[in-house]
Amino acid sequence: AVARLIGAKPGEIGFTSGATESTNLALRGFLSANRKAGKHIVTLPTEHKCVLEALHQLEGDGFSVTTVGVGPNGLPDLGELEQAIRSDTVLLCAMYANNETGVVLPVHEIAVIARRHGVAFFCDGTQAVGKITVDVKTTGMDLMAFTAHKIYGPKGVGAIYIRGGIHMGLVRPLITG
């Protein structure tokens, strides 16, 4: 049912304790599994606090982060976003819908930019899933975090979408054993 909600396959969904854990798994797990590919991340200043704090901590671990500004309408200039991608960029982070302003980002266009440069796209879908149509296949995202309590589910339950499946090596687990 969760996979159908976002246009994914059941094997592409993993369950977590919430969107914060899903976000950290997506960011840290992806970057850990793909460290040799590059150490640069592009994001927006309007991302959720858990994304920004995780990226800040990753900077302390040797990654570099470029933050592309947004206009008065809350949207990034897509040309500027594309120009921020470097040869060592491995991940682009942009939320689907902003939790404070309600702005819905052009995630399909952002995914096209990421794909054009061979960069993975992580999307915080917490404020979009269950409220607007979200289809991970047509938008082209690689990783997405979301949570149950934003769509009338229980607190303490989240999910992560990982393109190709949770056992494809795209993301390294944070906890083992």
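So, a few notes on the structure that sits alongside this text. Predicted model, so just to flag it, every value in this text is computed and none were measured.

**Some points on the overall build of the chain**
And then number 1: When helices and strands are tallied, the chain shows 6 helices and 7 strands.
And then number 2: Traced from its N-terminal end to its C-terminal end, the chain shows the element sequence α-β-α-β-α-β-α-β-α-β-α-β-β.
And then number 3: Relative to its length of 177 residues, the chain is compact, with a C-alpha radius of gyration of 15 Å against a globular reference of 16 Å.
And then number 4: Principal-axis analysis of the C-alpha atoms gives the chain an extent of 40 × 40 × 25 Å.
And then number 5: The buried share of the chain, reckoned over its 177 residues, is 48%.
And then number 6: Across the chain, the fraction of contacts at a sequence separation of at least 24, relative to all contacts at a separation of at least 6, is 69%.
And then number 7: Surface summary for the chain: the accessible area is close to 8,500 Å², and the carbon and sulfur share equals 54%.
And then number 8: A gap of 8 Å separates the mean positions of the 16 positive and 15 negative side-chain charges of the chain.

**Some points on the nonpolar core**
And then number 1: With 34 residues, the main nonpolar core has Ile6, Leu92, Leu105, Phe121, Met141, Met144 and Tyr161 as its most contacted residues.
And then number 2: At the level of elements, α1 (2–6), α5 (107–116), β5 (120–124), β6 (143–147) and β7 (158–162) are the ones that each hand at least two residues to this core.

**Digging into unusual backbone geometry**
Where the residue is not glycine, phi is negative for most of them; where a peptide bond is considered, it is trans in most cases.
And then number 1: With a phi close to 70 degrees, Tyr152 is a non-glycine residue in the positive phi region.
And then number 2: Along the chain, Tyr152 turns up in the loop between β6 and β7.

**Quick look at the environment of Lys150**
And then number 1: By the element assignment, Lys150 lies in the loop between β6 and β7.
And then number 2: Spatially, the C-alpha atom of Lys150 lies 8.3 Å from that of Val129, the residues being 21 residues apart in sequence.
And then number 3: Not counting residues within four places of it along the chain, the set of residues in contact with Lys150 comprises Thr126, Gln127 and Lys131.

**What to know about helix α3 (residues 49–60)**
And then number 1: Across its 12 residues, α3 extends 17 Å between first and last C-alpha, which sits within 8% of the 16 Å expected from 1.5 Å per residue.
And then number 2: All of the buried residues along α3 are Cys50, Val51, Ala54, Leu55 and Leu58. Viewed end-on, α3 has its buried residues packed into an arc of 130 degrees, placing them on one side of the element. Of the exposed residues in α3, those oriented more than 90 degrees away from the buried face are Lys49, His56 and Gly60.
And then number 3: Its buried side turned inward, α3 meets α2 (19–33), β2 (40–43), β3 (64–67), β4 (89–93) and β5.
And then number 4: Of the residues one or two after α3, Gly62 is the one with positive phi, at around 100 degrees.

**Some points on the sheet that holds β2**
And then number 1: Strand order in the open sheet made by the 7 strands is β1-β7-β6-β5-β4-β2-β3, with mixed pairing throughout. The sheet is open, and its two borders are formed by β1 (13–16) and β3, each paired with just one other strand. Looking at each pair of strands side by side, their axes are set apart by 20 degrees on average, direction ignored.
And then number 2: Pairing geometry for β5 and β6, over 3 bridges, is parallel. Bridged to Asp124 within β6 is Ala145.
And then number 3: Where α5 meets the sheet, it contacts β4 and β5, and its direction lies at approximately 155 degrees from that of β5.

Criteria and thresholds
Residues numbered from 1 in each chain as written. Predicted model: local features only at pLDDT ≥ 70, side-chain atom pairs only at ≥ 80, totals over all residues. Heavy atoms only, no water. Helix = DSSP H or I, 4+ residues; strand = E, 2+ residues; numbered from the N terminus. Rg over C-alpha atoms; globule rule 2.2 N^0.38 Å. Buried < 20%, exposed > 50% of the residue type's maximum accessible area, 1.4 Å probe, protein only. Contact = heavy atoms within 4.5 Å. Areas by Shrake-Rupley, 256 points an atom, 1.4 Å probe, with all protein chains shown as cover. Lys, Arg positive; Asp, Glu negative; His and termini not counted. Charge placed at Lys NZ, Arg CZ, Asp CG, Glu CD. Core = buried A, V, L, I, M, F, W, Y, C linked by side-chain atoms within 4.5 Å. Expected span 1.5 Å × (residues − 1). Arc of directions from axis to C-beta. Pairing = 2+ DSSP bridges. Axes fitted to C-alpha atoms, helices over the stretch in contact; angles between N-to-C directions.

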